[in-house]
Amino acid sequence: MREILEKANELGLLLQQSDVFIKFTALDRELGEDNAAGALLEKYNEIAESIMHKQQSGEIIESYEKESFREITEQVNSNDLLRRYLTARDEYIDLLMKVHESLGDFSL
C-alpha cells in the first residue's frame, strides 16, 4: 500500500511540474487579481448552472434567460484573460481526464 501511495505522490508532483498545470495556476492567480474578470466569470457560472439545472429538471428556459446567457457569453469571450484562463482550464482538465482514463484501464 505504501508503494502505491508513493507512486501517487510522484504522479501528483509530475502533474504540478507540467506546463499545463503551471500555465493554469498562473492564469488562476492572475484571474484572482482581476476583480472585474472574476466577477464576470462568477456571474457566467451562476447563469450557466441555473440554465443547466432547468434543462435537467425539464423546466422551461425563458427567452430572457437565453438572451442573458448569450450576452454574458459574449462578454466572457471578449475578455482576453477569461479566454486564456478557460482554455488553460480545459487543457488541465483534459490532462486530468487522460490520467483518470489511464488509471481506469487497470480497474477490475
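Structure: see above.
Residues numbered from 1 in each chain as written. Predicted model: local features only at pLDDT ≥ 70, side-chain atom pairs only at ≥ 80, totals over all residues. Heavy atoms only, no water.

An account of the packing of aromatic side chains is needed here, citing residue identities and associated values.
Per the stated rule, a full pass over the model turns up four aromatic pairs. Where Tyr-44 meets Phe-69, the ring centres are 5.4 Å apart and the plane angle is 25°; that geometry is what we call stacked. Here Phe-69 lies in helix α4 (residues 63–77) and Tyr-44 lies in helix α3 (residues 35–57), a separation of 25 residues in the sequence. Aromatic rings pair up to connect Phe-21, Phe-24, Tyr-85 and Tyr-92 into one cluster. (Phe/Tyr/Trp six-rings, centres within 6.5 Å; stacked < 30°, edge-to-face > 60°. Helix = DSSP H or I, 4+ residues; strand = E, 2+ residues; numbered from the N terminus.)

Residues and numbers for the pattern of salt bridges, please.
Evaluated as defined, the whole model comprises 11 salt bridges. We note a salt bridge from Glu-91 to Lys-23, for which the minimum N-O separation is 4.0 Å. Of this pair, Glu-91 sits in helix α5 (residues 80–104) while Lys-23 sits in helix α2 (residues 19–33), and the two are 68 residues apart along the sequence. When the shortest N-O distance is used, the salt bridge between Glu-74 and Arg-70 registers 2.3 Å. With a gap of four residues between them, Glu-74 and Arg-70 both fall in helix α4, about one helical turn apart. Its relative accessible area of 45% is what places Glu-74 among the partly exposed residues. On the accessibility criterion, Arg-70 (38% relative accessible area) is partly exposed. One salt-bridge network, in which partners are shared between bridges, spans Glu-30, Asp-80, Arg-83 and Arg-84. (Salt bridge = Lys/Arg side-chain N within 4 Å of Asp/Glu carboxyl O. Buried < 20%, exposed > 50% of the residue type's maximum accessible area, 1.4 Å probe, protein only.)

Requested: an account of the environment of Glu-3, with residues and values cited.
Inspection of the secondary structure puts Glu-3 in helix α1 (residues 2–17). Spatially, the C-alpha atom of Glu-3 lies 40 Å from that of Arg-83, the residues being 80 residues apart in sequence.

Just give me the short version of a nonpolar patch on the surface, but keep the residues and values in it.
A grouping of Met-1, Ile-4 and Leu-5 is seen on the molecular surface, where their side chains present a nonpolar patch of about 380 Å² in accessible area. Looking at where Leu-5 falls in the secondary structure, it is placed in helix α1. (Patch = residues over 30% accessible without salt bridge, like charges linked within 9 Å, V, L, I, M, F, W, Y side chains within 5 Å. Areas by Shrake-Rupley, 256 points an atom, 1.4 Å probe, with all protein chains shown as cover.)

Let's hear about the nonpolar core: which residues, and what values?
The biggest cluster of nonpolar side chains holds 18 residues, and the ones touching the most others in it are Leu-31, Leu-41, Leu-82 and Tyr-85. Among the secondary structure elements, those contributing two or more residues to this core are α2, α3, α4 and α5. Tallying contributions element by element places α5 first for this core, with six residues. (Core = buried A, V, L, I, M, F, W, Y, C linked by side-chain atoms within 4.5 Å.)

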